[in-house]
Amino acid sequence: MAKTGLEVLKERGFISQCTDMDALQKLMDNERVTFYVGVDPTGKSLHIGHMVPFFAMHHLQKAGHRPIAVVGGGTSMIGDPSGKSDMRKMLTIEQIRENAASLKDQLGKIIDFGEGKALMVNNYDWLGPLNYLEFLRDIGIHFSVNRMLSFESYKQRLEKGLNFIEFNYQLLQSYDFLKLHQDHGCKMQMGGDDQWGNIVAGMELIRRVEGAEAEAYGLTFPLVTRADGKKMGKTEKGAVFLDPEMFSPYEFFQYWRNVADADVGKFLKFFTFLEMDEIAELESLEGSEINKAKERLAYEQTKIIHGKEEADKALEAAKAAFTSGGGAGAMDRDAIPSVDVPVTEIEAGIGIMDLFARTGLCGSRGEARRLVQQGGARVNEVQIKDINAVIGADSVEDGEILLKAGKKRYFRVVVGS
RNA sequence: GGGGAGGUUCCCGAGUGGUCAAAGGGGGCAGACUGUAAAUCUGUUGGCUAUGCCUUCGAAGGUUCAAAUCCUUCUCUCCCCA
């Protein structure tokens, strides 16, 4: 007996709030439902913190429903105040267009944009040409300022200051839902919990314009948190982007490999397509065994985003680097960042601090000095503790020198001519 | 438009003429311990051609032997009034 899409979401923990679960269940049992999720094209790459709704989309699409990804080209020119303590930066139309194009590629890894299976639209297409007076008359009339002000998300902003442009965001998002309902028969909107207010507002708008019997539902996902309280998908160096140029597949793999014990099960459900019984099995592992589950999580997730080949490479590299006495010997060379240094410089000899300072492993010579003094610096796996050590041609192996900072960070110095 | 309070190093937050590269906390980095986890403990945390030098306390000027600290102007934020 196949599970319905909604059941899959439920058992995986995707559902936080639903405007009418029973009715939605019934609807989805009986027909192919078109639903949508908004994406903000505020950057050229998504990061994993954005991914929950798209994994949810995947499950529903698999169950036969039709997703629409709405690029918020128009709305991102306004900036959603929900859950934000500060106003968002505004982008130009050109930037947004560029971003939108690369976002589609990334979403394509999770959602099948094949003919008729899914849509991607840009709300700038209908928000852009809007006529202010008409919009106020046709749409604005349905909104109560009193009601809007009572929303929790606005309350918070009222204390800090909320300007008029942001205040309009909800109207525009509601209009999106109405527009998609009219043009594509879209009946459900999904989003993070912070979108609840906006989603409900959209439903109400549809009911007011189309009549009380119009079918519109809303579904929200819980905010995915990490056991250590840090933001999902953020590292000190920035967000965990899906774009391999911005965040290498190896590091991506490592991010997942290093999640907290308490998060493994949850993440397997959210971010992989493994079956529930397999996840249950992985979840039941205890002690150091749990590393197997983390490895699986990292592998599956990397495979989805970067492909099987990259996932295999990352897995192998990780194994090589962390088992049997360490060493990056078997690591995939390309996965390690590198810098070119002319052979003449190597032959002349480079001070250990200079070498580390120019690799990105250390931000400055001072930082490099500390690293060396604290015993975190290794050249070809040999610890160097002398800050005056000079690295010369005798350290070159296979045309490169392998540097290691701490236990996990590697860097290659490629000797160029 | 009027009045008030503020802008300090990655973040929060002390500091109100020299002893300040600036307390404390957070975070980061490194080390120990480990399971590439968590917790804990230790060290470290502006840069450099390095017992000294340079750049930093919203911006620009000024006072002084000496300023994050005093004065002037500008700028931004928040609060109260209109």
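Scoring rules and cut-offs
Within each chain, residue numbers correspond to sequence positions counted from 1 in written order. Written order decides the labels, with chains lettered from A and ligands numbered from 1. Selection of residues for local features in this predicted model requires a pLDDT of at least 70, selection of side-chain atom pairs for listing and counting requires 80 or more, and totals for whole chains, interfaces and linings are taken over all residues. Side-chain measures were taken over the full set of non-hydrogen atoms in the model, leaving aside hydrogen atoms and water. Buried Ala, Val, Leu, Ile, Met, Phe, Trp, Tyr and Cys residues form a nonpolar core when they are joined through side-chain atoms within 4.5 Å. Three labels apply to residues, based on accessible area from a 1.4 Å probe with only protein chains included: buried if under 20% of the type maximum, exposed if over 50%, partly exposed otherwise in between. Note that the domain bounds were set by an automatic or database domain assignment. Contacts are assigned to residue pairs with any non-hydrogen atoms lying within 4.5 Å of each other. We define proximity as follows: a residue is near a molecule or strand when any one of its heavy atoms falls within 4 Å of that partner. Counting of polar contacts relies on pairs of N or O atoms within 3.5 Å, with two restrictions inside protein: one atom must be capable of donating a hydrogen and the other of accepting it, and residues adjacent in sequence are counted only when both atoms are side-chain atoms. By definition, any uninterrupted DSSP run of H or I lasting at least four residues is a helix, any uninterrupted run of E lasting at least two residues is a strand, and each is numbered from the N terminus. All amino acids are sorted into three groups, where Ala, Val, Leu, Ile, Met, Phe, Trp, Tyr, Cys and Pro are nonpolar, Asp, Glu, Lys and Arg are charged, and the leftover types, Gly among them, are polar. Here the buried area means the combined drop in accessible surface, using a 1.4 Å probe, for two parts upon being joined, counting both sides. Counted as salt bridges are all cases of a side-chain nitrogen of Lys or Arg within 4 Å of a carboxyl oxygen of Asp or Glu. A fitted line through C-alpha atoms represents every axis, and for helices the fit uses only the stretch in contact; the resulting angles, taken between N-to-C directions, go from 0 to 180 degrees. In this scheme, roughly parallel covers angles under 35 degrees and roughly antiparallel covers those over 145, while 65 to 115 is roughly perpendicular and the rest are oblique. By convention the crossing between two helices is left-handed if the near helix lies anticlockwise of the far one by an angle smaller than a right angle, and right-handed if it lies clockwise.

## Quick word on the nonpolar core
Counting 70 residues, the largest nonpolar core has Ile48, Met51, Met188, Met190, Trp256 and Phe271 as its most contacted members. Residues from two domains meet in this core; each of domain 1 (5-221) and domain 2 (234-327) gives at least three. In contact with Met51, other than residues within four places in its own chain, are Leu46, Ile110, Leu242 and Phe271. The next biggest cluster of nonpolar side chains, apart from the first, holds 26 residues, and it includes Tyr154, Phe177, Leu178 and Met203.

## Quick word on the protein's contact with RNA strand B
Around RNA strand B sit 31 residues, and of these Asn258, Asp261, Arg365, Arg369 and Arg370 come closest. Among the atoms of RNA strand B close to the protein, meaning within 4 Å, 64% are from sugar or phosphate groups. In this structure, Gln254 approaches RNA strand B through a side-chain N or O atom, which is 2.7 Å from a base oxygen. A distance of 3.2 Å separates a phosphate oxygen of RNA strand B from a polar side-chain atom of Arg370. Mapped by element, the contributors of at least two residues to the surface near RNA strand B are α8 (152-160), α12 (249-257), α15 (290-306), α16 (308-322) and α19 (365-373). Among the elements that take part in the surface near RNA strand B, α19 stands out by supplying five residues, more than any other. Of the residues that constitute the surface near RNA strand B, the class distribution is seven nonpolar, 11 polar and 13 charged.

## Describing the domain arrangement of chain A
Reports of interface size often rely on the accessible area that becomes lost once the parts have come together. Entries for chain A in the domain assignment read domain 1 (5-221), domain 2 (234-327) and domain 3 (338-416). Facing the 17 residues of domain 1 at the interface are 23 residues of domain 2. Contact between domain 1 and domain 2 buries roughly 1800 Å² in total, counting both sides, with carbon and sulfur atoms accounting for 68%. Between domain 1 and domain 2 we count one salt bridge in total. Note that Asp243 and Lys44 form a salt bridge whose closest N and O atoms lie 3.9 Å from each other. Those elements that place two or more of their residues in the side of domain 1 that touches domain 2 are α1 (5-12) and α3 (52-62). By residue number, the principal contributor to the side of domain 1 that touches domain 2 is α3, which donates four residues. Here the side of domain 1 that touches domain 2 is composed, by residue class, of seven nonpolar, six polar and four charged.

## What to know about the packing of helix α13 (residues 264-271) against α15
Look at α13 against α15: their axes get within 10 Å of each other, and the N-to-C directions meet at 20 degrees. Considered as vectors, α13 and α15 are oriented roughly parallel to each other. Read as a crossing pair, α13 and α15 show a hand that is left-handed. The segment α13 lies against α15, with Val264, Phe267, Leu268 and Phe271 engaging Ala293, Lys294, Leu297, Gln301 and Ile304. Residue composition of the contact of α13 with α15, by class: seven nonpolar, one polar and one charged.

## Structural notes on the pattern of salt bridges
According to the stated counting rule, one finds 18 salt bridges in the structure shown. Put simply, Glu31 and Lys187 hold a salt bridge, and the shortest N to O gap is 3.0 Å. In this pair, Glu31 sits in the loop between α2 (21-30) and β2 (34-39) while Lys187 sits in strand β5 (residues 186-192), placing the two residues 156 residues apart along the sequence. Its relative accessible area of 33% is what places Glu31 among the partly exposed residues. The partner of Asp312 in a salt bridge is Lys308, and the shortest N-O contact between them spans 2.9 Å. Of this pair, Asp312 and Lys308 both sit in helix α16, separated by four residues, roughly a single helical turn. Through salt bridges with shared partners, a single network forms among Glu31, Lys187 and Glu215.

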